[in-house]
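Observations on chain architecture
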There are 6 protein chains.
Amino acid sequence: MRLQHATWPEVEAYLQRATGIIVPIGSTEQHGPNGLVGTDAICPEAIAWALGERHGVLVGPTQAIGMAQHHLAFPGSLTLRPSTLIAVLRDTIVSLARHGFTHVFFLNGHGGNIATVNAAFAEVQAERSLEGRSGELELALFNWFAGRRGRELAESLYGDAEGSHATASEVSLSWFARPEAVKQVPMSPRVAPTGSAQCDADEFRRRFPDGRMGSDPSLASVEHGARFLEAGVEDAWEAYRAFIGQP
Amino acid sequence: MRLQHATWPEVEAYLQRATGIIVPIGSTEQHGPNGLVGTDAICPEAIAWALGERHGVLVGPTQAIGMAQHHLAFPGSLTLRPSTLIAVLRDTIVSLARHGFTHVFFLNGHGGNIATVNAAFAEVQAERSLEGRSGELELALFNWFAGRRGRELAESLYGDAEGSHATASEVSLSWFARPEAVKQVPMSPRVAPTGSAQCDADEFRRRFPDGRMGSDPSLASVEHGARFLEAGVEDAWEAYRAFIGQP
Amino acid sequence: MRLQHATWPEVEAYLQRATGIIVPIGSTEQHGPNGLVGTDAICPEAIAWALGERHGVLVGPTQAIGMAQHHLAFPGSLTLRPSTLIAVLRDTIVSLARHGFTHVFFLNGHGGNIATVNAAFAEVQAERSLEGRSGELELALFNWFAGRRGRELAESLYGDAEGSHATASEVSLSWFARPEAVKQVPMSPRVAPTGSAQCDADEFRRRFPDGRMGSDPSLASVEHGARFLEAGVEDAWEAYRAFIGQP
Amino acid sequence: MRLQHATWPEVEAYLQRATGIIVPIGSTEQHGPNGLVGTDAICPEAIAWALGERHGVLVGPTQAIGMAQHHLAFPGSLTLRPSTLIAVLRDTIVSLARHGFTHVFFLNGHGGNIATVNAAFAEVQAERSLEGRSGELELALFNWFAGRRGRELAESLYGDAEGSHATASEVSLSWFARPEAVKQVPMSPRVAPTGSAQCDADEFRRRFPDGRMGSDPSLASVEHGARFLEAGVEDAWEAYRAFIGQP
Amino acid sequence: MRLQHATWPEVEAYLQRATGIIVPIGSTEQHGPNGLVGTDAICPEAIAWALGERHGVLVGPTQAIGMAQHHLAFPGSLTLRPSTLIAVLRDTIVSLARHGFTHVFFLNGHGGNIATVNAAFAEVQAERSLEGRSGELELALFNWFAGRRGRELAESLYGDAEGSHATASEVSLSWFARPEAVKQVPMSPRVAPTGSAQCDADEFRRRFPDGRMGSDPSLASVEHGARFLEAGVEDAWEAYRAFIGQP
Amino acid sequence: MRLQHATWPEVEAYLQRATGIIVPIGSTEQHGPNGLVGTDAICPEAIAWALGERHGVLVGPTQAIGMAQHHLAFPGSLTLRPSTLIAVLRDTIVSLARHGFTHVFFLNGHGGNIATVNAAFAEVQAERSLEGRSGELELALFNWFAGRRGRELAESLYGDAEGSHATASEVSLSWFARPEAVKQVPMSPRVAPTGSAQCDADEFRRRFPDGRMGSDPSLASVEHGARFLEAGVEDAWEAYRAFIGQP
């Protein structure tokens, strides 16, 4: 069940039987020579929509822009400052809490968001703790790319060529979700250099000239993407059930 | 051409021939008994994607959550505070400007966003004017629902029953874009009360008990939606060309 | 009754019989060769003070600086960033609400303020809606220059030479309010160029070299100003009574 | 010379011969049984306008609302949060600096503003110091009520009954500037209690039930006000000349 | 009793008998050729710790970084913007208030903090006054360097060579607190120039080339520092008792 | 070499030979029945000071208050909101960068700070990336409690009774650093419950009634603390050298 496709009476009915929601969050940033700028949003969104269809959980609108300052030297990358993203997440969560949602589960596709999302959770809870407000509010972040099944699949398919940005697994999943956007682009070198992304945009581009980090996404395929979707759905569903305390 | 489906080298190539971009912006809010929570994002997104396909203009990711505080008494509505939305738009625009985009055209689906989007434009320009920074940067807001052709079509199809929120026209367009989400719901009264939305959420719900403002969206249809898409595409394309100074 | 000239016991007594207040808001910005930098504040202030005298409504202090970033390339123009102006209006409104004012009517003299003032209203209401606070609070913006009577008078006196910035009508009204500051300055060209003000300060000055937009304020006169005051007072009083629900 | 009454070419001409400006800043807050809500803005404004007329120095628009949170339990008092007032002053100063003003002299009427105005000066300078920006920018705060001549006059006229809020001297000066607003109100007790204003609004009203602090403003008169104006003009002009380095 | 060295049950027990706390606040900034960068934090901290030991009052953690933008042209100086420092103090105070502390006494070592600390107090109280929250909360700032006994001691030891920054008294006290960091450095000129620190960092360094303002800290000694500690402890304890209403 | 104990000429000389600095960051929060409120600041500070003494690296002032909102239900705990802590770290880093520091290494003692510190790093870099500013600036976070040697020592000494908050290892280290503050307090139960700290303050106290998470800090000792200091110094030095690219 997608919030965007529901009416408010349908949401009201949903809240009678459940108070959890899944919110996909990604980024709009370069993903190397053959990866889509929207990869990090498309992947968790695809998994979240599948969860919504298969399990009836409500899925909120995708936060398409994340914290991607280090990618700004590549055309098309967009970023929110961490302080902006914190404000966005705070307003989103407080809006949901007003309706009675008690468990908000962010399904994330971008490593660069992790710190800021967790800081946003703390910002929301700090306002409550400082003002002495009560009431259940549980917040969780789940990174689809770090799920056990997905990790194992990537290891079996790509080994070390999976990499850490513009990975073969995320390119596969985004292609499965958007087959019209598959690109065949030669990679040189085959496997990109590795290193740290803790730097500004110009330095990032110096370190990673074509945008990839340690990956060979020429190994990606739509067929692999179908398998990553299944792995991601199982990983995320397991995490979500644990989060809402459902066996 | 959708930014989300492009690679960074494709964006780099685009910037060689054009420096304009269209960014859909909507809202996540109740749209009455049969309208989708995502209506205001789905409509401009559908028009923008059609523009991207037909005319090759680059289309950025949809800003799905807008300024919808007055709808918060209906389950499922989300809002950003104006100050948060200003920060989001500022970061988005500054990111685009860094890449060399000179014309950013926001294609909007929600009346409640208008003031804040214009304030955000002024915020961006004020920073530049106060700091004495130079360089071309043009910002425009186009409300698809206010285009001439769309207005005329709504008038001819619905007359006064078009209304001003959860309108028959926007419900039609959103259904055309998402036919799987069409809902048949009886309306009572047939045409909703009219009034001002300049109030807080509780007061809004008192004024407009089922969320509609002056509309009868039971008149909506997928077939109408197809016609609103065409009208919207023509209206928006005309406005965009004028904006970028292209005859 | 001007708040600035009242004692607190007088305000307390006023609140026993009325809970509405009028707050003039303007701008401090260039108004062409013969227009005063304070025009946009002087005009609504003059109308508001007349309303206060004639009808006993309380009039708050004038917000003299507004959102005028596009005028910064002309000496003497001051601007608040939209985010700053939002904070100012929020604090002003919340202060008034604490005392029991339920209807705050901003009487505005500057088109560039409109978006930000409306965003500020939404900011105030969003805080209330998100935090679930209740209590009547109605906010209105009235642009004196857009009132029907004033528009008709300007049309009859100046036709197209009224223009849209440094207009003949506002120069007239400001001169009536401040006859000691009347300036006779030749205009060249007689009628200034037209165009959009949606840009930064340097671009604005390129488009409008002497600061006027489409106007010929050499047509202005103190005598005209007296008539604009009357028109403005009637327009604003009508709007205010509608706002507070008084027949 | 008042900025509000000047044209931009007049400001441009002024900047050829001087780069200093005086900006009155006050507060909108209760001033006891017979003092005006606008007292703290009216007093420095009157002095500043006299300086402008007599000495040709440019006088900016009065900042009528200041930091007056402790007065909020008395109807009519308005406050800006310190963070808001800092933003207002920052934008004002940066606007002025863009035009080439190098010396901004705030002529203040409210003790409660002092800390925040000085913090605002530091905020502006901190941005410059952190970003390594250069260029002369001098900022000064002058409290008219603390000038030597004014202090001596108050001592000679009222002795201890001058007090520290709703003082006889400021009531006199405001009445001289606004003779139409003189009020004759009995005081009980004749001299108000003394104490600290470092507290919230409810506590302030408990400490100072009618709003006065240590004063007997029934001693005030328009004739005294005329003398306070002269004293204030001399005190402020001396301070201003020292500030701009003029003998 | 130092908060840093207490357990939470010990703090809980303390709150049964007292609700006041002392928080040292300083700065991290150059203090001339022989003064320590940490002087302004070390001095009030030393006094506060002595108060904690001798009188059992709880002492919070030292705020080591303050508002020192004007010192940034000297290596090692750090500053918080006033807006940042206000946020820090607000969060600190609100945290303490949540536990039941009613009297928070900041023991300050840096003149440049005074305005911002007072603005922070007003920010905290303004939030309470605007939102109508109640409950006792008293906030005080005490500058150890302005205490009567300390002033008299400095006058007797150094006369005019005490100065106003990198003073002989504060260097003495910091050396007493940190004897391992005593430096013997020749001064030239013996007594530094005087002037105003109301400027940006580059201008400050032009005015005060070695960082001292009007002082000759070569007169400082550890032995003097011991006497300043005693004077400071007596001055501060007297002020603290007055603050909490204890005879 | 401690910044607090250095003069500015000494810092200037340091910058000739090195451009890295270590900044301890902790928290002020409850640490169970026998742990000190200052534990999280005392531990990294002790390690950092030892590094400064042994290896000559400059050590900045300790940031004593961190993000500890979840501990606010225990008396004595203080928190900064994440947005406040981000501002503090931004100002600190930008101050250091102005002096020419290129490598800032935060030595952290509190798990709850990790997300916010990383978000702060991204905030600083985002400002640079969005504004196109250049120049080397490397930022690192090292958690002393996660170092390999320290982990192994805790495992060997305490096994599972080490826990995750108010751990035996950090209590030991803080006692070694502050032997005067050692407390002998019986624990009940011996080993505290485990669980997640992702919640607000009231919920945290419900989950962890005496403040410990999974630990038995009655196992702590000063002698153990000496060993944790050695392990921590080696772990941190290794990390710091890798960070600054020194073999």
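Being a predicted model, the structure only gives us computed values, none of them experimental.

1. Examining the overall build of chain A
Looking only at helices and strands, one finds eight helices and four strands in chain A. In sequence order, the secondary structure elements of chain A are arranged as α-β-α-β-α-β-α-β-α-α-α-α. Taken against the 2.2 N^0.38 rule, which gives 18 Å for 247 residues, the C-alpha radius of gyration of chain A at 18 Å falls within 12% of a compact globule. Counting only C-alpha atoms and orienting by the principal axes, one finds that chain A spans roughly 55 × 35 × 30 Å. Burial statistics for chain A: of 247 residues in total, 67% are counted as buried. For chain A, contacts bridging at least 24 residues in sequence account for 75% of all contacts bridging at least 6.

2. What to know about the interface of chain B and chain A
It is common to give the size of an interface as the accessible area lost on bringing the parts into contact. Taken together, the contact pairs 55 residues of chain B with 55 residues of chain A. Contact between chain B and chain A buries roughly 4400 Å² in total, counting both sides, with carbon and sulfur atoms accounting for 57%. The partner of Asp202(A) in a salt bridge is Arg98(B), and the shortest N-O contact between them spans 3.3 Å. Counting across the interface, chain B meets chain A through 30 residue pairs in polar contact (both at pLDDT 80 or more). If you list the elements that add at least two residues to the side of chain B that touches chain A, you get α1 (8-17), α2 (39-55), α3 (82-99) and α7 (201-207) of chain B. Take the side of chain B that touches chain A: its biggest share by element is ten residues, from α3(B). Here the residues of the side of chain B that touches chain A are counted per class, giving 26 nonpolar, 16 polar and 13 charged.

3. Some words on the relation of the copies chain B and chain A
Each copy superposes on the other: chain B lies on chain A with an RMSD of 0.0 Å after a rotation of 180 degrees and an axial shift of 0.0 Å. One copy is carried onto the other by what is essentially a two-fold rotation axis. Relative to the rotation axis, the C-alpha of Thr84(B) is the closest in chain B, positioned 3.4 Å from it. Most of the interface of chain B is mirrored in chain A, where 100% of its interface residues again form contacts.

4. Observations concerning unusual backbone geometry
Here the bond from Ser188(B) into Pro189(B) is cis, since omega is -5 degrees, no more than 30 degrees from zero. Although it is not a glycine, Ala166(A) adopts a positive phi angle of roughly 55 degrees. Its location among the elements puts Ala166(A) in the loop between α5 (148-158) and α6 (168-177). Relative accessible area serves as the criterion here: at 0%, Ala166(A) is assigned to the buried category.

5. Concerning the sheet that holds strand β1 (residues 20-25) of chain F
Residue and element names in this part refer to chain F. The strand order β2-β1-β3-β4 describes an open sheet built from four strands, whose pairing is parallel. A strand with exactly one partner marks an edge of an open sheet, and here the two such strands are β2 (58-59) and β4 (138-143). Those strands touched by helix α3 (residues 82-99) are β1, β3 (103-108) and β4, and its axis lies near 160 degrees from that of β1. Against the sheet, helix α8 (residues 222-244) contacts β1, β3 and β4, and its axis sits at roughly 160 degrees relative to β3.

6. Concerning the nonpolar core
Counting residues in each nonpolar core, the largest one holds 353 residues, and the members touching the most others are Leu107(B) and Leu107(D). Setting aside residues no more than four positions away along its own chain, Leu107(B) makes contact with Ile22(B), Val23(B), Pro24(B), Ile25(B), Pro44(B), Ile47(B), Ala48(B), Leu51(B), Phe142(B), Trp144(B) and Ala236(B).

7. What to know about the pairing of strand β4 (residues 138-143) of chain B
Residue and element names in this part refer to chain B. The buried fraction of β4 amounts to six of the six residues, a majority that puts the element mostly inside the structure. Burial along β4 is two-sided: the face carrying Glu138, Ala140 and Phe142 and the face carrying Leu139, Leu141 and Asn143 are both buried. Relative to β4, strand β3 (residues 103-108) runs parallel, the two sharing six bridges. Within β4, the residue paired with His103 across the bridge is Glu138. The parallel pair β3 and β4, bridged by helix α4 (residues 114-131), forms a crossover whose chirality is right-handed.

8. Notes on the pairing of strand β1 (residues 20-25) of chain E
Residue and element names in this part refer to chain E. Taken across its six residues, β1 has six buried, putting it largely inside the fold. Of the two faces of β1, both are covered, the one formed by Gly20, Ile22 and Pro24 as well as the one formed by Ile21, Val23 and Ile25. As defined by bridge partners, β1 adjoins strand β3 (residues 103-108) across six bridges and the pair is classed as parallel. Within β3, the position partnered with Val23 by the bridge is Phe106. By the bridge criterion, two bridges tie β1 to strand β2 (residues 58-59) in an arrangement that is parallel. Counterpart to Ile22 in the pairing with β2 is Val59.

9. Some words on the sheet that holds strand β4 (residues 138-143) of chain E
All names here are of chain E. Spatially, β2-β1-β3-β4 is the arrangement adopted by the four strands of the open sheet, whose pairing is parallel. The open sheet terminates on both sides in strands that have one partner only, identified here as β2 and β4. Lying on the sheet, helix α2 (residues 39-55) is in contact with β1, β2 and β3; it crosses β1 at an angle near 155 degrees. Each of β1, β3 and β4 touches helix α3 (residues 82-99); the most contacted strand, β1, lies at about 160 degrees to it.

10. What about helix α6 (residues 168-177) of chain F?
Residues and elements named next belong to chain F. Counting buried residues along α6, eight of its ten residues qualify, which places the element largely inside the surrounding structure. Along α6, the positions that sit buried rather than exposed are Ala168, Ser169, Glu170, Val171, Ser172, Leu173, Ser174 and Trp175. Along its buried surface, α6 packs onto α2 (39-55), α5 (148-158) and α8.

11. Comments concerning the environment of Asn34(D)
Topologically, Asn34(D) is positioned in the loop between β1 (20-25) and α2 (39-55). For Asn34(D), a relative accessible area of 1% gives the class buried. In the structure, Asn34(D) is positioned 129 residues away from Gly163(D) in sequence and 14 Å away in space, judged by C-alpha atoms. If we skip the residues at most four places from it in the chain, Asn34(D) touches Thr7(C), Val171(D), Trp175(D), Lys183(D), Val185(D), Met187(D), Pro217(D) and Ser218(D). Within the structure, Asn34(D) has its side chain in polar contact with the backbone oxygen of Pro217(D) (distance 3.1 Å).

12. Observations regarding the packing of helix α6 (residues 168-177) of chain E against helix α8 (residues 222-244) of chain E
If you want to describe how two helices pack, look at the angle between their axes and the distance between the axes. All names here are of chain E. Two numbers describe how α6 lies on α8: the axes approach to 7 Å, and their chain directions differ by 95 degrees. What the angle tells us is that α6 and α8 run roughly perpendicular. For the pair formed by α6 and α8, the contact residues are Ser169, Ser172, Leu173, Trp175 and Phe176 on the first element and Val222, His224, Gly225, Ala226, Phe228 and Leu229 on the second. Residue classes in the contact of α6 with α8 are distributed as seven nonpolar, four polar and no charged.

13. Looking at the confidence of the model for chain A
Taken residue by residue, chain A gives an average pLDDT of 97. The fraction at 70 or more is 100%. If you check the scores for this complex, the pTM reads 0.98 and the ipTM reads 0.97.

14. Structural notes on the environment of Glu238(B)
Tracing the backbone shows Glu238(B) in helix α8 (residues 222-244). Side-chain polar atoms of Glu238(B) contact the side chain of Arg149(B), separated by 2.9 Å.

15. Digging into the packing of aromatic side chains
Remark: the centre distance and the inter-plane angle together describe each pair of aromatic rings, the angle taken between the planes. All chains considered together, the criterion is met by 66 aromatic pairs over all chains. With a centroid separation of 5.2 Å and 85 degrees between ring planes, the pair formed by Phe105(D) and Tyr240(D) is classed as edge-to-face. Residue Phe105(D) is found in strand β3 (residues 103-108), and its partner Tyr240(D) is found in helix α8 (residues 222-243); the two are separated by 135 residues along the sequence. Ring geometry for Phe204(E) and Phe208(E): centres 4.8 Å apart, planes at 50 degrees, overall tilted. An aromatic cluster is present here, built from Phe105(A), Phe142(A), Trp237(A), Tyr240(A) and Phe243(A) joined pairwise through their rings.

16. Concerning helix α5 (residues 148-158) of chain D
Residue and element names in this part refer to chain D. All of the buried residues in α5 are Arg149, Gly150, Leu153, Ala154 and Tyr158. Seen end-on, α5 carries its buried residues on one side only, within an arc spanning 130 degrees. Away from its buried face, by an angle of more than 90 degrees, α5 presents the exposed residues Glu155 and Ser156. Buried residues along α5 sit in contact with α6 (168-177) and α8. Remark: Gly159 follows α5 within two positions and exhibits a positive phi of approximately 60 degrees.

17. Here's the deal with the pattern of salt bridges
Tallying each qualifying case throughout the model produces 113 salt bridges over all chains. Arg128(F) is the partner of Asp200(A) in a salt bridge, and the nearest nitrogen-oxygen pair spans 2.9 Å. Highlighted residues: Asp200(A) in the loop between α6 and α7 (201-207) and Arg128(F) in helix α4 (residues 114-131), drawn from two different chains. The same class applies to Asp200(A) and to Arg128(F), which are both buried. Each member of the salt-bridge network shares a partner with another, and the members are Glu138(A), Glu203(F), Arg206(F) and Arg207(F).

Cut-offs used in this document
Residues numbered from 1 in each chain as written. Chains lettered and ligands numbered in written order. Predicted model: local features only at pLDDT ≥ 70, side-chain atom pairs only at ≥ 80, totals over all residues. Heavy atoms only, no water. Helix = DSSP H or I, 4+ residues; strand = E, 2+ residues; numbered from the N terminus. Rg over C-alpha atoms; globule rule 2.2 N^0.38 Å. Buried < 20%, exposed > 50% of the residue type's maximum accessible area, 1.4 Å probe, protein only. Contact = heavy atoms within 4.5 Å. Buried area = accessible area lost by both parts, 1.4 Å probe. Salt bridge = Lys/Arg side-chain N within 4 Å of Asp/Glu carboxyl O. Polar contact = N/O pair within 3.5 Å; in protein donor to acceptor, adjacent residues only side chain to side chain. Nonpolar A, V, L, I, M, F, W, Y, C, P; charged D, E, K, R; others polar. Least-squares fit on C-alpha atoms with pLDDT ≥ 70 in both. Pairing = 2+ DSSP bridges. Axes fitted to C-alpha atoms, helices over the stretch in contact; angles between N-to-C directions. Core = buried A, V, L, I, M, F, W, Y, C linked by side-chain atoms within 4.5 Å. Right-handed = clockwise from strand over helix to strand, strands pointing away. Parallel < 35°, antiparallel > 145°, perpendicular 65-115°, else oblique. pLDDT = per-residue confidence, 0-100. Phe/Tyr/Trp six-rings, centres within 6.5 Å; stacked < 30°, edge-to-face > 60°. Arc of directions from axis to C-beta.

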